[in-house]
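# Topology and contacts: notes
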Amino acid sequence: MSEVEAVASSWTTGTVREIERFGDSYVKLRLEVANRHDHVPGQHYVVRLRAPDGYTAQRSYSVASDPADPLIELMVECLPRGEVSSFLHEVAEVGDELEVRGPIGRWFVWGGTVPSICVAGGSGVVPFVSMMRYARRMGTESALTVVASAQTRVRLPYVEDLEEFGALIALTRENHVDGTGAERVAAHIYPDELAGLSNGVERAYVCGSAGFVSFVGRSLGEAGVRSDVVRVEQFGPTG
Ligand SMILES: Cc1cc2nc3c(=O)[nH]c(=O)nc-3n(C[C@H](O)[C@H](O)[C@H](O)COP(=O)(O)OP(=O)(O)OC[C@H]3O[C@@H](n4cnc5c(N)ncnc54)[C@H](O)[C@@H]3O)c2cc1C
């Protein structure tokens, strides 16, 4: 898959076909997008909400689904008083039609073959889930190493998919037991862990909050990863 194709820029309709809420933390929306262009794993959509008085608010959301999935899957963290995330969590229902635009992004994309390490904090795992699903379908899982961090297991979306993929899960407020029974004591990601996992990678993707991407950027540097192969996507208030 080319890393620069699949860019769409006009607004269209995303009809909510499935919705799943995970407590107060996350909401998963699966949308049927009209006039859809296939995305490249790593790309995102913009969702625009419109009030009856014409006021609009728009936010970016990464795609979690495989490009071959007939629906576009978004996983949205529910932020207290967040304008768009609260609406999607509390109000959106199956059958609703959302205004969407996408897929967007030419830089933070993975075409399926370049050996890469992906490091995510919290909702930052979403674009990597699309990469994992694509890698699995293409049989290129060995090209992708995933590290995901969150405070606790329940705060980490797609934790079962990550565990099944063999991702390193770094929880900061509770210990984590991996599939082999090995226990990782609660702690932030260590540069030593990244050094061990980034041997031979040609690219590093980092996604999460501003504080997280800055911390991981430094840790990757300490782990010997060159800054020119690091691609960063920051989820934050300006999204
Ligand atoms: C390329 C891109 C992809 C993104 N993909 C995803 C995704 O897959 N899933 C997802 O949940 N989010 C994602 N985001 C973040 C998303 O665009 C919004 O910023 C987020 O949903 C908050 O919007 P809101 O309208 O609910 O909150 P707002 O009304 O904008 O803000 C409410 C409060 O939350 C704070 N805030 C805003 N955004 C964040 C944040 N991300 N983390 C912590 N505090 C915040 C604000 O400072 C404010 O205090 C992405 C952002 C970008 C730029």
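This text goes with the structure placed above it.
Everything quoted here is computed from the prediction, not taken from an experiment.

## A word on helix H5 (residues 210–222)
- Spanning 13 residues, H5 covers 19 Å between terminal C-alpha atoms, matching the ideal 18 Å at 1.5 Å per step.
- Of the positions making up H5, those classed as buried are Phe212, Val213, Val216, Ser219 and Leu220. Projected down its long axis, H5 shows its buried positions confined to an angular sector of 125 degrees, all on one face. Pointing more than 90 degrees away from the buried face of H5 are the exposed residues Gly211, Arg218 and Glu222.
- Elements in contact with the buried residues of H5: strand E7 (116–121), strand E8 (144–150), helix H4 (191–197), strand E12 (203–208) and strand E13 (230–234).
- At the C-terminal side of H5, Gly224 shows a positive phi close to 95 degrees.

## With respect to the nonpolar core
- Among the nonpolar cores identified, the biggest contains 31 residues, and Trp110, Leu144 and Leu162 are the most heavily contacted of them.
- Among the elements of the structure, E7, helix H2 (126–138), E8, helix H3 (159–165), strand E9 (168–171) and E12 are those that each provide at least two residues to this core.
- Grouped together as the second largest cluster of nonpolar side chains are 20 residues, Leu31, Tyr45, Ile72 and Leu98 included.

## Focus on the site of the ligand
- Residues in close proximity to the ligand total 21 residues, the closest being Arg59, Ser60, Tyr61, Glu77 and Ser85.
- A distance of 3.1 Å separates a nitrogen atom of the ligand from a polar backbone atom of Ser62.
- Within the backbone of Glu83, one N or O atom sits 2.9 Å away from an oxygen atom of the ligand.
- Contact with the protein chains removes 76% of the 900 Å² of surface that the ligand exposes when unbound.

## What to know about the layout of surface pockets
- There is about 1000 Å³ of room inside the largest pocket.
- Taken together, 37 residues line the largest pocket, and the ones lying closest to its centre are Glu77, Leu79, Ser123, Phe235 and Gly236.
- Those elements giving two or more residues to the lining of the largest pocket turn out to be strand E4 (56–62), strand E5 (72–77), helix H1 (83–90), E8, H5 and E13.
- In terms of residue count, E4 provides more of the lining of the largest pocket than any other element does, four residues in total.
- Considered class by class, the residues forming the lining of the largest pocket number 13 nonpolar, 18 polar and six charged.
- There is about 250 Å³ of room inside the second largest pocket.

Cut-off values and rules
- Residues numbered from 1 in each chain as written.
- Predicted model: local features only at pLDDT ≥ 70, side-chain atom pairs only at ≥ 80, totals over all residues.
- Heavy atoms only, no water.
- Helix = DSSP H or I, 4+ residues; strand = E, 2+ residues; numbered from the N terminus.
- Expected span 1.5 Å × (residues − 1).
- Buried < 20%, exposed > 50% of the residue type's maximum accessible area, 1.4 Å probe, protein only.
- Arc of directions from axis to C-beta.
- Contact = heavy atoms within 4.5 Å.
- Core = buried A, V, L, I, M, F, W, Y, C linked by side-chain atoms within 4.5 Å.
- Near = heavy atom within 4 Å.
- Polar contact = N/O pair within 3.5 Å; in protein donor to acceptor, adjacent residues only side chain to side chain.
- Areas by Shrake-Rupley, 256 points an atom, 1.4 Å probe, with all protein chains shown as cover.
- 1 Å grid on protein atoms, 1.4 Å probe; cavity = no way out; pocket = protein on both sides within 12 Å on 5 of 7 lines; lining within 4 Å.
- Points joined across faces, edges and corners; volume = space filled by probe spheres on them.
- Nonpolar A, V, L, I, M, F, W, Y, C, P; charged D, E, K, R; others polar.

These figures capture arrangement, not role.
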